[in-house]
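Chain residues, written in single-letter form:
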Amino acid sequence: MAQQGVQLDHEQLCCSICLDLLKAPVTVPCGHSYCRTCIEGYWNQDDQRGRSSCPQCRQTFIPRPVLKRNTMLAEVVESLKKTGLQAAPPDHCYAGPGDVACDFCTGRRLKAVKTCLQCLVSYCDTHLQPHYQSPAFKRHQLVQASGELQENICSRHNEVRKLFCRTDQQCICSLCFMDEHKGHDTTSAAAERAERQKEVDRSQQNIQQRIQEREKDVKGLHQEVESIKHHADRAVEDSDTIFTELISSMERRRSEVRQLIRDQQERQVSRAEELRRRAEQEVTELRRRHAELEQLSLTEDHIRFLQRYTSSLSTTSESTHPVSSHVRPLRHFEDVTVAVSKMRDRLEDILTEEGTNVSVAVNRVDVSLRDSLLAQSPEAGLCASGGLVNPPLVSLSTPAEPKTRAEFLKYSRPITLDPNTAEEHLSLSKGNRKVTVINKSQSLPDHPERFTYWQQVLSREALSGRWYSEVEWSGHCGIAVSHTDISRHGWGDKCKFGSNDKSWSLVCTKRGYSFRHRNIKTPIPGCVSSRVGVYMDHSAGTLSFYGVSDDTMTVLHTVHATFTHNLHVGFRLPLSSESTAELLCELN
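Here the structure is a predicted model, which is why all the values come from computation and not from measurement.

Engineer: Lay out the overall build of the chain in plain terms, naming residues and giving numbers.
Structural biologist: In terms of regular secondary structure, the chain is built from 10 helices and 23 strands. Looking at the chain as a whole, 30% of its 588 residues are labelled buried. Surface accessibility of the chain: about 37900 Å² in total, with carbon and sulfur atoms responsible for 52%.

Here it is, written out as structure tokens:
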């Protein structure tokens, strides 16, 4: 009880602001006491509201009171310090909800700071001291305070688990080792922890390395985003300037045509007005003569009639050219309208054709992502073909997908095979468009891009945008589309078309077709055609193979993937077969 009384005194001598023993105690007018620095700091913050109040009872003092040292409290505090007694710990040292409480404390327990794995007890700082001071506790293992000690106790034998059974992959006690785990591969928990800690360290190093790589990727992609924005803005400005110039040119041409029409109108109106004036004068003259003749006819004197007759008749016989012969039908400017209409139609055709080319050029814009990032990214969605589904980045009135062979042929572009990539058993002909497999190896110069094992060859030209071509094959042929960075040296799958993530291959034989990617074979049913069409939309991520017969096209296989590098057409011809493949340049 006496101890509780001292405890109460300690609590009464604590500052309610800092929760420690009073230092230089002062008492405010309401009777509550604080450390001088604590209450002054509190009031200095409170000055922003223009008042000083007691932190406990909230009584306000105006003006701010003059603080004086509370001598009695100061002497009591000093007396407690001299007796060696410690003030009660502040509230935040007691165990609260979610804290691990000291198992040795009685009454209100303090927070534990350590847990002993040998004693299976948690200690506060005070009750932990024997473990530091007594040699009997030297070998006890102290860890951060834990409330899950029960997990270290064997539920069957109520013993501490200190061993690890590698056979059953679980922690066990010494009695378990002698019982159901007898004869198993066991070791101490500490030894197993050390082994697994090495694995954790290696995993951490690997993760740290990947973090650095991804941060580098993020930095590169950020720069690429800024570059895309910059170049897109500049392209918009340039295209706006070009279209403005085009519109200005059309405006000038419209003004010129308008002026031409108005000038011609003025000339023709002036001419017509002159003809009208002359016609009116002739009408007036003819009416005058008509009146004279009529007057002559009324003359009763025959002599006078005959005398006037000769002169009147001679004047009447004179005639002018009819005005109507100089006037055209009322379709004066129809030819102009027809000519302007034809010009409009031709401009629309040009804009449509060139607009398609502009759209294709825009759709060629792509982000240069590393294959490793795409392959390892957990958020990337892999499609059945092993590619990543991704919509095109940009599109300006993208043309519809071709449906007929005539529409596909619009995207055909001639390409040739690169001799520097051809394996030594492949012979190129027809302007490097046809490849034939031969049994005798050729003496070819060394080149870093040449395939050294598989009988393969790639095209010289890279494929971009929308592209279509047709291949005539015989024997046994693999028609492939491959990233430009596919490996060239060695016999492994990393070099073989269709056996890795960098290439897609349609294998053609007399028995049928099959498709290969990532070394996964997909049989393709249907009739075999000696001509195969290959269509690619780089930005849309579409690759399709077609069987071609006359003007009929049959879909053999379609791939949806994100193509992150330049692509090339390639062929693989087995050495043991008499096979050929030719890129057709004249398609009709």
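Moving on from the model shown.
Engineer: Just give me the short version of a nonpolar patch on the surface, but keep the residues and values in it.
Structural biologist: On the surface, a cluster of nonpolar side chains totalling about 770 Å² of accessible area is made up of Phe-243, Leu-246, Ile-247, Met-250, Val-340, Met-343, Leu-347, Ile-350 and Leu-351. For the nonpolar patch, the leading source of residues is helix H8 (residues 334-363), giving 5 residues. By the secondary structure assignment, Leu-347 is in helix H8. Look at Leu-347 and you get partly exposed, because its relative accessible area is 32%.

Engineer: Describe in detail the nonpolar core, supporting the description with residues and values.
Structural biologist: Ranked by size, the top nonpolar core spans 35 residues in total, and within it Ile-479, Val-532, Leu-543, Phe-545 and Phe-571 carry the most contacts. Other than its neighbours up to four places away in sequence, Leu-543 contacts Val-481, Trp-504, Val-534, Tyr-535, Met-536, His-557, Thr-558, Val-559 and Phe-563. Core analysis: the next-biggest nonpolar cluster, separate from the first, contains 17 residues, Leu-21, Tyr-34, Leu-73 and Leu-80 among them.

Engineer: Just give me the short version of the pattern of salt bridges, but keep the residues and values in it.
Structural biologist: Summed over the entire model, instances satisfying the criterion amount to 26 salt bridges. Note that Glu-192 is salt-bridged to Arg-196, the shortest N-O span being 2.8 Å. With Glu-192 and Arg-196 both in helix H6 (residues 189-297) and 4 residues apart, the pair spans about one turn of that helix. On the basis of relative accessible area, Arg-196 is assigned to the partly exposed category, the value being 35%. One salt bridge connects Glu-470 with Arg-531, and the closest N-O pair in it is separated by 3.2 Å. Residue Glu-470 is found in strand S14 (residues 466-474), and its partner Arg-531 is found in strand S19 (residues 531-537); the two are separated by 61 residues along the sequence. Given a relative accessible area of 26%, Arg-531 falls into the partly exposed group.

Engineer: How would you summarise the sheet that holds strand S17 (residues 512-517) if you had to cite specific residues and measurements?
Structural biologist: Within the open sheet, the 6 strands sit side by side as S13-S22-S15-S16-S17-S18. Their pairing is antiparallel. Strands at the two margins of the open sheet, each flanked by one partner only, are strand S13 (456-458) and strand S18 (520-524). Strand-to-strand, the axes of this sheet are offset by a mean angle of 20°, without reference to chain direction.

Engineer: Quick rundown of the packing of aromatic side chains? Include the residues and the values.
Structural biologist: If you walk through the whole model with that rule in mind, you get 10 aromatic pairs. Counting every residue linked through ring pairs, the aromatic cluster contains Phe-408, Tyr-411, Tyr-468, Tyr-535 and Tyr-546.

Engineer: Pulling in residues and values, what's your account of H6?
Structural biologist: Every α-helix carries 3.6 residues per turn, so stepping three or four residues along brings you back to the same face. Along its 109 residues, H6 runs 152 Å from first to last C-alpha, staying within 8% of the 162 Å computed at 1.5 Å per residue. Within the sequence span of H6, burial applies to Glu-192, Arg-214, Asp-217, Glu-224, Val-257, Leu-275, Ala-279, Arg-289 and Leu-296.

Engineer: So, the sheet that holds strand S8 (residues 163-165): which residues are in play, and what are the values?
Structural biologist: Across the sheet, 3 strands lie side by side as S9-S8-S10; this open sheet has antiparallel pairing. If you trace the sheet from one side to the other, it starts and ends with strand S9 (170-172) and strand S10 (186-188), each paired once. Between one strand and the next, the sheet's axes are offset by a mean angle of 35°, whatever the strand orientation. Where S8 lies against S10, 3 bridges are found, and the strand directions are antiparallel.

Engineer: Hey, could you go over unusual backbone geometry for me, with residue numbers and the actual values?
Structural biologist: A cis amide bond, omega -5°, links Ile-62 with the succeeding residue Pro-63. Within the fold, Pro-63 resides in the loop between strand S4 (60-61) and helix H3 (71-82). A positive phi angle, close to 50°, is found at Ala-24, a residue other than glycine. In this fold, Ala-24 is placed in the loop between helix H1 (2-12) and strand S1 (25-27).

Engineer: How would you summarise the confidence of the model for the chain if you had to cite specific residues and measurements?
Structural biologist: Across the chain, pLDDT averages 81, with 83% of residues at or above 70. The least confident element of the chain is helix H9 (residues 371-376), whose mean pLDDT is 44; the most confident is S13, at 96. Contacts from residues 1-8, a stretch scored under 50 in pLDDT, to residues over four places away or in other chains number 3 contacts. For the stretch residues 368-397, pLDDT sits under 50, and the model shows 57 contacts to residues farther than four places along the chain or on other chains.

Engineer: Describe the pairing of S18, with residues and values.
Structural biologist: The pairing of S17 with S18 spans 5 bridges and is antiparallel. The residue of S18 that forms the bridge with Phe-515 is Thr-522. Between S17 and S18, which pair antiparallel and follow one another directly, the connecting turn spans 2 residues, one of which, Arg-518, has a positive phi of 55°.

Engineer: So what about the side chain of His-181? Which residues, and what values?
Structural biologist: Relative to the helices and strands, His-181 is located in the loop between helix H5 (174-178) and S10. For His-181, the contacting residues outside a window of four places in its chain are Cys-165, Asp-168, Gln-170, Ile-172 and Cys-176.

Engineer: So what's going on with the state of the cysteines? Residues and values would help.
Structural biologist: Summed over the entire model, instances satisfying the criterion amount to 0 disulfides. Take Cys-54: it sits in no disulfide, and the sulfur closest to it among the cysteines is that of Cys-30, at 3.5 Å. For Cys-54, a relative accessible area of 0% translates into the label buried.

Engineer: Outline the pairing of strand S21 (residues 552-560), listing residues and values.
Structural biologist: Across 8 bridges, the pairing between strand S20 (residues 542-549) and S21 is antiparallel. Counted as the bridge partner of Ser-549 is Thr-552 from S21. Following S20, the chain reverses through 2 residues before pairing antiparallel with S21; Asp-550 in that reversal takes a positive phi of roughly 55°.

Engineer: Report on the side chain of His-425, specifying residues and quantitative values.
Structural biologist: Looking at where His-425 falls in the secondary structure, it is placed in the loop between helix H10 (405-409) and strand S11 (426-429). For His-425, a relative accessible area of 12% corresponds to the buried category. Setting aside chain neighbours within four positions, we find His-425 in contact with Thr-436, Val-437, Ile-438, Asn-439, Lys-440, Ser-441, Gln-442, Gln-455 and Leu-575.

Calculation notes
Residues numbered from 1 in each chain as written. Predicted model: local features only at pLDDT ≥ 70, side-chain atom pairs only at ≥ 80, totals over all residues. Heavy atoms only, no water. Helix = DSSP H or I, 4+ residues; strand = E, 2+ residues; numbered from the N terminus. Buried < 20%, exposed > 50% of the residue type's maximum accessible area, 1.4 Å probe, protein only. Areas by Shrake-Rupley, 256 points an atom, 1.4 Å probe, with all protein chains shown as cover. Patch = residues over 30% accessible without salt bridge, like charges linked within 9 Å, V, L, I, M, F, W, Y side chains within 5 Å. Salt bridge = Lys/Arg side-chain N within 4 Å of Asp/Glu carboxyl O. Core = buried A, V, L, I, M, F, W, Y, C linked by side-chain atoms within 4.5 Å. Contact = heavy atoms within 4.5 Å. Pairing = 2+ DSSP bridges. Axes fitted to C-alpha atoms, helices over the stretch in contact; angles between N-to-C directions. Phe/Tyr/Trp six-rings, centres within 6.5 Å; stacked < 30°, edge-to-face > 60°. Expected span 1.5 Å × (residues − 1). pLDDT = per-residue confidence, 0-100. Disulfide = S-S within 2.5 Å.

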